[in-house]
Amino acid sequence: MTDSKYFTTTKKGEIFELKAELNSDKKEKKKEAVKKVIASMTVGKDVSALFPDVVNCMQTDNLELKKLVYLYLMNYAKSQPDMAIMAVNTFVKDCEDPNPLIRALAVRTMGCIRVDKITEYLCEPLRKCLKDEDPYVRKTAAVCVAKLHDINAQLVEDQGFLDTLKDLISDSNPMVVANAVAALSEIAESHPSSNLLDLNPQSINKLLTALNECTEWGQIFILDCLANYTPKDDREAQSICERVTPRLSHANSAVVLSAVKVLMKFMEMLSKDLDYYGTLLKKLAPPLVTLLSAEPELQYVALRNINLIVQKRPEILKHEMKVFFVKYNDPIYVKLEKLDIMIRLASQANIAQVLAELKEYATEVDVDFVRKAVRAIGRCAIKVEQSAERCVSTLLDLIQTKVNYVVQEAIVVIKDIFRKYPNKYESVIATLCENLDSLDEPEARAAMIWIVGEYAERIDNADELLESFLEGFHDESTQVQLQLLTAIVKLFLKKPTETQELVQQVLSLATQDSDNPDLRDRGYIYWRLLSTDPVAAKEVVLAEKPLISEETDLIEPTLLDELICYIGTLASVYHKPPSAFVEGGRGVVHKSLPPRTASSESAESPETAPAGAPPGEQLDVIPTQGDLLGDLLNLDLGPPVSGPPLATSSVQMGAVDLLGGGLDSLIGAPNFVAPPAAAVPTNLGAPMGSGLSDLFDLTSSVGTLSGSYVAPKAVWLPAMKAKGLEISGTFTRQVGSIAMDLQLTNKALQVMTDFAIQFNRNSFGLAPAAPLQVHAPLSPNQTVEISLPLNTVGSVMKMEPLNNLQVAVKNNIDVFYFSTLYPLHILFVEDGKMDRQMFLATWKDIPNENEAQFQIRDCPLNAEAVSSRLQSSNIFTVAKRNVEGQDMLYQSLKLTNGIWVLAELRIQPGNTSFTLSLKCRAPEVSQHVYQAYETILKN
């Protein structure tokens, strides 16, 4: 009879019966009773009352019974910690058992019981098991160290288990080595700063030896560990690659992907001239192709990883286009992914094959897939110039089918083709205009309106076409409204006499009847441009557009390099770094590919010439800088405005030496002048009678400095400690002046007079700039508010913590002392905006070990709001860019003592957690700057 019988009993009084059976003298009866207990526990019944009786059954030689009891213990030890102690002696005894299976079982179970009282008893048995003669016991003990570290990290370090674990990497048994590596990797993940896996050529050799003999999951642990190692030169990299290559033919797809990760990483160090480099490229293709014959879910994971690999090294799979052709029974998610890779691999050599395939897909029944296929034809036209004509005729054939969604997608991609190849295919515009009535999707309508506006001079009835869209202007989506506004203004500039009424109508709709701020602003700007300077309007609106280039959806190079290091993990499926989706306290380490060796640097790297580009011509798609900051110089937030240089702030620089030097030492200039703030034009030279004066009169709003964030007053000195005097206060910074806002309350029974205040020496030289003036005596129960101006020219002494301020207040009764912490943002000066080149040079010049990373959680603001809120507290955005959907703000601030702090703030739209990286020559400031960010953004 099967074990299902244990799950069928639902009698009353069952616990008492089980209790009797558990205490039976017959071994068989005991075992049956424990099985019933485990069955009840499995279906969710509470059998914790039987704890002492089940624990008594531990004293047995029967391995099956022992396993069942241990299973029960693991489940109930947490809820019955005092009872669980009863089992400790048996555990300790079992760890000495002659049977290695029992020894391993005991140590495994003790590791799973997360009860502090038991962990102390676990140390001695665990130490013995780590040095046990049997490898099965050692490998179990290795994993137990990782479990124990999770419960009590300090205990593991104090007991020296980590050193023992490191010794196990040299063990003779491959499974022990694999488990030791797995345990150390797990511990290292939760402590990124600790250098636990200190890999060197000798230990790498031992890992590679173990790699051939351990189980598949053991191989994955070892391969992942190898991927974190940086070889000292290309010869060592090649030697490791040669020994890892056989793993590519493993049956387990996870082993294959881990091996691919190691090879992709170490290939960075190999010269392209080597014969071995070419051999390795050939060896990488077959295993990746084999992964595509697995079940759909595995195919999807493989395809997401292949997508990254193709972006990094398209040459690996350039001859394998056919395996990415879609099968009729592929699920939609696999089809879409294959389509993406087909476009990435498209080149002059295979474009005919690809186009024939895509045209076939466009007649499928799955709407999403058809849309993507039509879009793919357009992307091929943009990517492979020689195929553009064929692609356009294919798209026209598809438009003739009159299938609504096919027509709409085709129009969207033809718009891009016009942008890529101006004055080449405009003859098809007439065909597009015939389908105007069938367009009902915002993107297609917007694309068609753009085409009509852009080529208005070639379309006789352009005004009528645009007027037909204008009739339902308010029902259109924002995207269409904006496009329509621009198109009509373009039309007006091309045919001013015939379209004056039309342009007035659209400007009035956009500015007076619309409640969308983007639309209103654009309408006002056009109105203003047209009414003041039509020539300038022409230059702005009809400016030559830059050619669009293909592969606009390439992953940014630094992110791609990081994702290559995560092949085979969730990051490679999401195409996002772990920091974007891993929550919790574990520090996520940013990985990057090893630097190229000197011999391989001369070789042309694959990312500089995407497939389809002529050799020697670099397409300007995405900067190939290794550092995101490299492109800052091209990211103008606004045109540079020359203005009178601001006088250098008269700040005493005494504290600079204390905290490690301002920027003077960095640029070697004796008199460094702060970068000028953008000057505000005093007059735009335009008549203000157009009803828009309030919108454009910049002088009234720009240039006024709003103050930084002020914390609510807190009690600094309670009345009971100061003989009835209670002092509350806060710090403020307004237009360059720092003040301490105080509230003095007399809770004593006598009048208080003769007030004075003094500060002790502090980190930034804060001192009162005037005496404390309480003009009238302070009567009992009276409160007075005073603003005490401060300066930063006092004596300097480094305090602990850095922002600690010790204050003495005197009155006619006594002298009272208190200390308070001032927020660092009151010291951020108004001329803290660095210019881009200086920012870039400084960022690169500050050593990497000075970089600190912080998480700002629960902040629902978007990038614009963050930038403007920080600017009001003198944290200035130097540049902003969007990378893989993340907004990156590069910011600078300067402290009163001349220290500069540079920041990179990553904001993922929809995610309320931001990542803040700070670089500063005085790293001790970083923690307090981060606190200032938190305070400003959350209040």
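Every value quoted in this text rests on a predicted model; they were computed, and no experiment measured them.

Definitions and limits used
- Residues numbered from 1 in each chain as written.
- Predicted model: local features only at pLDDT ≥ 70, side-chain atom pairs only at ≥ 80, totals over all residues.
- Heavy atoms only, no water.
- Helix = DSSP H or I, 4+ residues; strand = E, 2+ residues; numbered from the N terminus.
- Buried < 20%, exposed > 50% of the residue type's maximum accessible area, 1.4 Å probe, protein only.
- Areas by Shrake-Rupley, 256 points an atom, 1.4 Å probe, with all protein chains shown as cover.
- Pairing = 2+ DSSP bridges.
- Axes fitted to C-alpha atoms, helices over the stretch in contact; angles between N-to-C directions.
- Contact = heavy atoms within 4.5 Å.
- Salt bridge = Lys/Arg side-chain N within 4 Å of Asp/Glu carboxyl O.
- Expected span 1.5 Å × (residues − 1).

### Thoughts on the overall build of the protein
In terms of helices and strands, the protein carries 39 helices and 13 strands. Out of the 939 residues belonging to the protein, those deemed buried represent 51%. Only carbon and sulfur atoms are counted for the fraction: they give 51% of the accessible area of the protein, which is about 43,200 Å².

### Things to note about the sheet that holds strand 9 (residues 852-856)
Reading across from one edge, 9-13-12-11-10 is the order of the 5 strands in this open sheet, with antiparallel pairing throughout. Across the chains shown, the open sheet's two edge strands, defined by having one partner strand only, are strand 9 and strand 10 (876-883). Mean inter-strand twist for the sheet, computed between neighbouring axes without regard to direction, equals 20°. Direction of pairing for strand 11 (residues 886-894) relative to strand 12 (residues 900-907): antiparallel, over a ladder of 8 bridges. Across the sheet, residue Asp-887 finds its bridge partner in strand 12, namely Ile-907. Helix-sheet contacts for helix 37 (residues 836-845) involve strand 10, strand 11, strand 12 and strand 13 (914-920), and the interaxial angle to strand 12 is about 95°. Packed on one face of the sheet, helix 38 (residues 863-871) meets strand 10, strand 11, strand 12 and strand 13 and runs near 5° to strand 11.

### What about the sheet that holds strand 7 (residues 804-810)?
Strands sit in the order 4-7-8 across an open sheet of 3 strands; the sheet is antiparallel. Both edges of this open sheet fall to strand 4 (756-759) and strand 8 (815-821), since each of them pairs with a single strand only. On average, each strand axis in the sheet is tilted by 25° relative to the strand beside it, whichever way the strands run. By the bridge criterion, 4 bridges tie strand 4 to strand 7 in an arrangement that is antiparallel. Bridging from a neighbouring strand, Ile-757 pairs with Val-809 of strand 7.

### A closer look at the pattern of salt bridges
Should their charged atoms come close, side chains of opposite charge can pair. A full pass over the atoms with the stated rule returns 31 salt bridges. Ionic pairing is found between Lys-312 and Glu-268, a salt bridge with its closest N-O pair at 3.7 Å. A residue pair is termed long-range when its members are at least 10 positions apart, and Lys-312 in helix 18 (residues 296-312) and Glu-268 in the loop between helix 16 (253-267) and helix 17 (275-291) qualify at 44 residues. Both residues of the pair, Lys-312 and Glu-268, belong to the buried class. A salt bridge links Glu-476 to Arg-445, with the nearest nitrogen and oxygen atoms 2.6 Å apart. With Glu-476 in the loop between helix 26 (462-470) and helix 27 (478-494) and Arg-445 in helix 25 (residues 442-454), this pair connects stretches of sequence that are 31 residues apart. Taking the relative accessible area as the measure of exposure, Glu-476 reaches 15% and is therefore buried. A relative accessible area of 17% means that Arg-445 is categorised as buried. Each member of the salt-bridge network shares a partner with another, and the members are Arg-371, Arg-375, Glu-409, Glu-441 and Glu-443.

### Quick look at helix 18
If you check helix 18, its first and last C-alpha atoms are 24 Å apart, about what 17 residues at 1.5 Å a residue would give, namely 24 Å. Burial runs high along helix 18: 12 of the 17 residues are buried. Every buried residue of helix 18 is listed here: Gln-299, Ala-302, Leu-303, Arg-304, Asn-305, Ile-306, Asn-307, Leu-308, Ile-309, Val-310, Gln-311 and Lys-312. As for helix 18, its buried residues are in contact with helix 16, helix 17, helix 19 (332-345), helix 31 (557-564) and helix 32 (570-574).

### What about the pairing of strand 13?
Within a regular strand, the side chains alternate between the two sheet faces. The buried count for strand 13 comes to 7 of 7 residues, which makes it a mostly enclosed element. Burial of the side chains of strand 13 extends over both faces: Phe-914, Leu-916, Leu-918 and Cys-920 are buried on one face and Thr-915, Ser-917 and Lys-919 on the other. Note that strand 9 and strand 13 share 5 bridges and pair antiparallel. The residue of strand 13 that forms the bridge with Ala-852 is Leu-918.

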